[in-house]
Every structure is written in structure tokens, then in C-alpha cells.
Amino acid sequence: MTYLILSILCSVAVSVLLKVARRQGVDIRQAIAFNYVMACALTWFLLAPSLEPKAGHHFPWLLFAILGIILPVLFVIMSRGVEYAGIVRSDAAQRLSLFLTVLASFVLFGEALSVNRGLSLALAFAALFCLLWKPADTTPGTSVRQGALYLFLIWLGYGVVDMLFKQIAKTGTAFSSGLFLSFVLAGVIMFGYLLVRRTQWNGRSVLGGLLLGLLNFCNILFYIRAHQTFHENPTLVFTVMNIGVISLGTIVGAVVFREKISRINLLGIALAIIAVLTLYYWTVVSG
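Residues numbered from 1 in each chain as written. Predicted model: local features only at pLDDT ≥ 70, side-chain atom pairs only at ≥ 80, totals over all residues. Heavy atoms only, no water.

What follows is about the packing of aromatic side chains. According to the stated counting rule, one finds 15 aromatic pairs in the structure shown. Considering the side-chain rings of F125 and W155, the 5.7 Å spacing of their centres and the 70 degrees angle between planes classify their relative orientation as edge-to-face. Of this pair, F125 sits in helix α5 (residues 115–132) while W155 is found in helix α6 (residues 144–170), placing the two residues 30 residues apart along the sequence. Looking at F125, the relative accessible area reads 34%, which means it is partly exposed. (Phe/Tyr/Trp six-rings, centres within 6.5 Å; stacked < 30°, edge-to-face > 60°. Helix = DSSP H or I, 4+ residues; strand = E, 2+ residues; numbered from the N terminus. Buried < 20%, exposed > 50% of the residue type's maximum accessible area, 1.4 Å probe, protein only.)

One pass over the full model with this rule turns up 5 salt bridges. Between E83 and R22 there is a salt bridge; the shortest N-O distance is 3.2 Å. One end of the pair, E83, is in helix α3 (residues 61–96); the other, R22, is in the loop between α1 (2–21) and α2 (28–47), and 61 residues separate them in sequence. Classification of E83 by relative accessible area gives partly exposed; the value is 34%. (Salt bridge = Lys/Arg side-chain N within 4 Å of Asp/Glu carboxyl O.)

Now for the layout of surface pockets. The calculated volume of the largest pocket comes to roughly 1700 Å³. Those elements that provide at least two residues to the lining of the largest pocket are α1, α3, α4 (98–107), α6, α7 (175–196), α8 (203–229), α9 (234–256) and α10 (263–285). Here the lining of the largest pocket takes 10 residues from α6, the largest share from any one element. Partitioning the lining of the largest pocket into residue classes produces 27 nonpolar, 16 polar and 6 charged. (1 Å grid on protein atoms, 1.4 Å probe; cavity = no way out; pocket = protein on both sides within 12 Å on 5 of 7 lines; lining within 4 Å. Points joined across faces, edges and corners; volume = space filled by probe spheres on them. Nonpolar A, V, L, I, M, F, W, Y, C, P; charged D, E, K, R; others polar.)

We now examine a nonpolar patch on the surface. Residues M1, Y3, I5, L6 and L9 make up a contiguous nonpolar surface patch of roughly 450 Å² in combined accessible area. Turning to its location among the elements, I5 is positioned in helix α1. By relative accessible area, which is 48% here, I5 ends up partly exposed. (Patch = residues over 30% accessible without salt bridge, like charges linked within 9 Å, V, L, I, M, F, W, Y side chains within 5 Å. Areas by Shrake-Rupley, 256 points an atom, 1.4 Å probe, with all protein chains shown as cover.)

Right, let's talk about the packing of α3 against α7 for a bit. Closest axis-to-axis distance for the α3/α7 pair is 8 Å, and the angle between their directions is 55 degrees. Taken together, the axes of α3 and α7 are oblique relative to one another. By crossing handedness, the relation of α3 to α7 is classed as right-handed. Taken together, the residues of α7 that come into contact with α3 (itself represented by W61, F64, A65, L67, G68, I69, L71 and P72) are G178, L181, S182, F183, L185, A186, I189 and M190. Looking at the contact of α3 with α7, its residues break down into 13 nonpolar, 3 polar and no charged. (Axes fitted to C-alpha atoms, helices over the stretch in contact; angles between N-to-C directions. Parallel < 35°, antiparallel > 145°, perpendicular 65-115°, else oblique. Left-handed = near helix turned anticlockwise from the far one by under 90°. Contact = heavy atoms within 4.5 Å.)

A separate point is the confidence of the model for the chain. Summary statistics for the chain give a mean pLDDT of 87 and a share of 93% for residues scoring 70 or more. Within the chain, α4 has the poorest average pLDDT of any element, 78, and α2 the best, 96. (pLDDT = per-residue confidence, 0-100.)

This part takes up the nonpolar core. One finds L18, Y36, L67, L71, F75 and F183 to be the most contacted residues of the largest nonpolar core, which totals 56 residues. Among the secondary structure elements, those contributing two or more residues to this core are α1, α2, α3, α6, α7, α8 and α9. Top contributing element to this core by residue count: α3, with 13 residues. In this view, L18 contacts I28, F75, M78, S79, V82 and L212; residues no more than four positions away in its chain are not counted. Among the nonpolar cores identified, the runner-up in size contains 27 residues, and L96, L98, C130 and L279 belong to it. (Core = buried A, V, L, I, M, F, W, Y, C linked by side-chain atoms within 4.5 Å.)

The next point concerns the environment of A93. Here A93 is to be found in helix α3. Residues in contact with A93, not counting those within four places in the same chain, are L131, L151, I154 and W155.

All right, on to unusual backbone geometry then. Its identity is not glycine, yet A48 carries a phi of approximately 45 degrees, on the positive side. Relative to the assigned elements, A48 resides in the loop between α2 and α3. Here R198, not a glycine, exhibits a phi torsion of approximately 55 degrees, which is positive. Positionally, R198 belongs in the loop between α7 and α8.

Right, here's the structure in full:
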């Protein structure tokens, strides 16, 4: 379970870093760009991705290009979500995005919708609704509507990214290769944007970005190692990861940063955990 715990810690640490970045003089856009420098380097040296597709396959460059655009934009959205809605609700919304993939399997890919999975989806959407609800109070200078919008975009964006990586896997592309090429394109696009905007670079943003990239990559690496350790029960890894991030994010946001959340928001967090647990139970335990 060590890998899972480390992955959970790194995931929440990313949210914490995004939370404190602005007050420390870090330009989020620059940090995101340099995040990909670190992530690409670590992926190259530790995961050894192949730049040649498998025999009989081709790299899905269109999917890579879409990810190259979505990934940095989603990082910006996540930073805004943490700023306007807090770590508690942002991390929960991110983890609820898994149910968008479940929904897509029925709507887009024609899988049969069982009563049990339908109930899990209903719980997940009820949880999302509760998370989008107005918190107990609002930080001065922030907007309730903006917070709700960013939470919805976090949920939508991470769900789309998950589906895109699943489509890349179906093309026969190795995960390490898909991850590396997506990171490279995301970095190129982000640096291109900043150069066009004639950004004035600063050291804090560079260092913050490298730390962000380290945490982001370690989250992915430890998650992969956990799947390799529990290769016979991947759904368990996936369940513990999601519940762990929601729970730890709630503790850190509420205790460390004194984020105010309403009873309805708390109900949403509880429903999110129940939705993940029921999906696991009906997928694995009940077959």
C-alpha cells in the first residue's frame, strides 16, 4: 500500500502547491510550462518511452494534439478551482470525473447500463450537484458562480483526459510513450503561448513549476507501481486512490487552510465516497 499512499500524498500536494502559488509570487502559466520540462525528463529517464510505434500500429497524433491543448488548460482550470472553490471541493470534483468515463461507456460505446451501475452514477451526479452548491461562506473577492463553473470544468476536463488516454491505449500505444508525447506537446504549446505573450520570466515560477512537475510525475509513477503490485485487482487500486484523495483533500483543505464548506458540500463529499465504493462493490465483489 506504500505506493498508493505516496500517490495520494503527491496528488493532494499538487492541489496544495496550486493553492499557495499565487501568494508566493508564482505565475501559474510559467509554472505549468516548466512542470512539463520536469515531467518529460522524468518520464524519459524513469519510464524509458519508445518513440517508435509497435509493429502494425501508428501513433494517434490527433489524440496527442488534443491532449497537448487540454492538459495545460486543465492545469490552469484546476488552479482557478482551488483558488475559487478550495481544495476540498476541487479534489472531490476531479475524482468524480471517473464517472464521466463510466457514463460515456453507455452513451457513446453502447455498453449495457445495469441497475447497480445506474445507481452509482446517480450517486455520483448527486455528489457533484452538492459540491457545486454554495459553500458555507465565500472568500472576499471570489465568486460563487465562478467557483461552481471551475468545479464543473474540472470534472468535465479530467473525465475527457481519462477517455482520451483510454482511446490512445486502444491504438496499441504504450502508456509511457503516450504520456511522454502528450507531455512534450503540452509543453511546446504552453511555452509557445508564453513566448507569443512575451512573458517576463521569474525564478520563483520556474522553481515552482519544476516542483509541480516532480509531484505530478510522482503521482503518476506511484499509481503505476501500485497497479503493478496489485495487478490482480486494479479496481481496488483505483477505488482506494479516489477515496484517499477525496478524504485527504478534505482534511487538508478544512484543517490546514480553514476552507468553509456547507453541510450540502459535506453531503456531496460523503456521496462521492459512497459512489466510488458502490461502483467497486458492484464491479468486483458482485461481478
